[in-house]
Structures are given as C-alpha cells and as structure tokens.
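# Structural characterization, general
Chain by chain, the residues run as shown.
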Amino acid sequence: MQTQRYFLELAYDGTHYHGWQVQPNAITVQQKLNEALAILLRQPVETIGAGRTDTGVHARQLFVHFDAPQLPEGGANVFKSSPFRGLGGLNALLPHDIAVKQVIEVAPDAHARFDAVLRSYEYHLHFAKDPFKTNYSWLLRDRPDVQAMNQAASLLMAYTDFSCFSKSNTQVMTNNCKISRAEWVAQPDGNLVFHISADRFLRNMVRAIVGTLLMVGRGEMAPEDISLIIESRNRSKAGNSVPACGLYLTEVKYPYIKQ
C-alpha cells in the first residue's frame, strides 16, 4: 500500500516530560504522540521531529513528519473523514499539555528535521516571585545590564563555529550554525526575554549562550570577551547552562509551508 507523508504542527508544555525524544525508561513528548497516532491509525507510527528539546523545555511550535497508508482513490483518510476523527480525535488522545495545531500533506521526501531553514527560541527571565511563572521562566534576584548583554549578543552573528556552547559528544557532523537574531527584549511587566534565531542549533546551545550573556550582564566579563570564548571553541570557557524552565522553541520555518 502506498503511503502519504504528513507534517504535524504541535505545541507542548515540557514541564512533566523528559524532553522530546523517545527514551527507554522515561516519558517523553514523542512517545505520547506516537502512541496517540498509533491508536488513531491502528498501526505503529514513528515520528521524526524538527529537533529535540531537553527535559523541562517547552515548544510553542514544533513540526514532525510521519507516513500513513494512502487509501484508494475515493476513500477518506483518517485525517479528512471528520473533524473529530482527524485533528480533534488526535488531540482527544493526547495529554492536556500536548496539542496538535494542524495536519499538512507534504511530498514523500519532505523532512521535518533536514528541510527546516530557520529555528527560533526564547528564554524568559523574571525578577519577582510569581507562582504562575514557576516552570515557565527563571527567577533572578538581581537585574542584569541589558545593554551590555545585547552588545555581547550582537557579536554572536559574526561567527559560525559554536563549539564552545555545545554539549560534549553529541555526534554531529559540524558545530557550525548561522545566527540571524540574538537580542534581549524588555517586557512591559519589567521581565526579560532573550530571542535567538538560527538555521540550526547545537545541543544545549541556547541555554549555554544565555548563561554566558548573564555573566556579561552581572559584570563578570566584558561584552567583547564573548569573542574570545567563541574563538576558544572550549565549552569550559563559556558560562553555565541556565535552567530549562525558561526555554521555549517558538518557531520552525520551511520553504514550502506558509506561516
């Protein structure tokens, strides 16, 4: 039987999951999605995501792809038969903290990971205790120097090799990334959000960058020191990784999906 490739756009609260990718002895977002699709389609389903998020990291937008049987001409596939059996049915099978936003038919060779041309993240900071921000933002006592952090962040776009911000032994072919945005933005409530976009990211890269920029913001290093850290290609020279709670994958772009 021929198959049809689909993209799913989903969002999730990562608080109660051990990241995106299936693991042998932990509950993950991908596991829950695969299980729901298997029930809906009445066969095992393996999804491939645009990337993976770590334990506690959230996603406002993530795309995955998978293949499902293509029914004979005139037959309604499960995603078209009715709103409930399709998107509504899939969401009914998923936990409350995972939501599928849309189902898109794509070409047989479309790939959620390799075809993505841009990925964007946000990291959220707040400065006053707030029970509604627990697990969704990182609480800091002292406000950092935003101007200095933005001066340092602007230097990121002059480089491509970010080995200094990568987790060790990740088995990737290259540590090169092209960053197109890196900016701290003050919010109306006085909190801070770091925005960063690139063609690809390394494991733990965003959290390591934020930790290093906060060292600048606390006056522990000068903004221009970030160039020396990047050029060292040494992870031990960069700052500590910040907690996962404040990190969100916010956007993934493809040349053939209108957004």
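Above this note sits the structure.
Since we're looking at a predicted model, the values are computed, not measured.

All chains considered together, the criterion is met by 10 aromatic pairs. Taken together, a centroid distance of 6.3 Å and an interplanar angle of 45° make the contact between F7 and F63 tilted. Pair noted here: F7 is in strand β1 (residues 3-12) and F63 is in strand β3 (residues 58-69), with a separation of 56 residues, a long-range link. With relative accessibility at 0%, the residue F63 sits in the buried group. Grouped by ring-pair contacts, the aromatic residues F7, F63, Y254 and Y256 constitute a single cluster. Over the ring of Y248 we find R60, and its NZ or CZ is 4.4 Å from the ring centre. If you follow R143 out to its NZ or CZ, it ends over the ring of F127, 4.2 Å from the centre.

Despite not being glycine, N135 has its phi angle at roughly 75°, a positive value. Mapped onto the secondary structure, N135 falls in the loop between β5 (118-126) and β6 (138-139). Relative accessible area serves as the criterion here: at 36%, N135 is assigned to the partly exposed category. A positive phi angle, close to 55°, is found at R233, a residue other than glycine. Structurally, the position occupied by R233 is in the loop between α5 (225-232) and β9 (247-253). The exposure class assigned to R233 is exposed, which follows from its relative accessible area of 54%.

Counting through the fold element by element, N34 comes out in helix α1 (residues 29-41). Among residues more than four places away in sequence, those in contact with N34 are V22, V45, E46 and T47.

Further remarks concern the layout of surface pockets. Rolling a probe over the atoms, with the probe sized like a water molecule, indicates the empty space that remains. Each pocket or cavity is described by its volume, and for the largest pocket that value is around 900 Å³. If you trace the largest pocket, you find 34 residues lining it, with A50, G51, R52, R113 and F201 closest to the centre. In the lining of the largest pocket, the residues fall into 17 nonpolar, 9 polar and 8 charged.

Another aspect to go through is the packing of helix α3 (residues 146-155) against helix α4 (residues 205-217). Between α3 and α4, the shortest axis-to-axis distance is 8 Å and the interhelical angle comes to 135°. Overall, the two elements α3 and α4 adopt an arrangement that is oblique. For the pair α3 and α4, the sense of crossing is right-handed. Seen from α3, the contacting residues are A148, M149, A152 and A153; seen from α4, they are L213, L214, V216 and G217. Of the residues contributing to the contact of α3 with α4, the split by class is 7 nonpolar, 1 polar and no charged.

We now examine the pairing of strand β8 (residues 192-198). Regular strands show a simple pattern: their side chains alternate between the two faces of the sheet. When you tally the buried positions in β8, you get 7 out of 7 residues, the bulk of the element. Alternating positions in β8 separate into two faces, L192, F194, I196 and A198 on one and V193, H195 and S197 on the other, with burial throughout. As paired elements, β5 and β8 share 7 bridges and run antiparallel to each other. By the bridge assignment for β8, Y121 is matched with I196. Here 7 bridges tie strand β7 (residues 179-186) to β8, and the two strands are oriented antiparallel to one another. What sits directly across from W184, in β8, is F194. Linking two consecutive strands that pair antiparallel, namely β7 and β8, is a turn of 5 residues; a positive phi of about 90° is found at G190 within it.

If you look at the biggest cluster of nonpolar residues, it comprises 76 residues, and the most contacted ones within it are F162, F165 and F194. Looking at this core, the element that brings in the most residues is α4, giving 9 residues. Apart from residues no more than four positions distant in its own chain, F162 is found in contact with L156, N175, C177, I179, L202, M205 and I230.

Definitions and limits used
Residues numbered from 1 in each chain as written. Predicted model: local features only at pLDDT ≥ 70, side-chain atom pairs only at ≥ 80, totals over all residues. Heavy atoms only, no water. Phe/Tyr/Trp six-rings, centres within 6.5 Å; stacked < 30°, edge-to-face > 60°. Helix = DSSP H or I, 4+ residues; strand = E, 2+ residues; numbered from the N terminus. Buried < 20%, exposed > 50% of the residue type's maximum accessible area, 1.4 Å probe, protein only. Lys NZ or Arg CZ within 6 Å of the ring centre and 35° of its normal. Contact = heavy atoms within 4.5 Å. 1 Å grid on protein atoms, 1.4 Å probe; cavity = no way out; pocket = protein on both sides within 12 Å on 5 of 7 lines; lining within 4 Å. Points joined across faces, edges and corners; volume = space filled by probe spheres on them. Nonpolar A, V, L, I, M, F, W, Y, C, P; charged D, E, K, R; others polar. Axes fitted to C-alpha atoms, helices over the stretch in contact; angles between N-to-C directions. Parallel < 35°, antiparallel > 145°, perpendicular 65-115°, else oblique. Left-handed = near helix turned anticlockwise from the far one by under 90°. Pairing = 2+ DSSP bridges. Core = buried A, V, L, I, M, F, W, Y, C linked by side-chain atoms within 4.5 Å.

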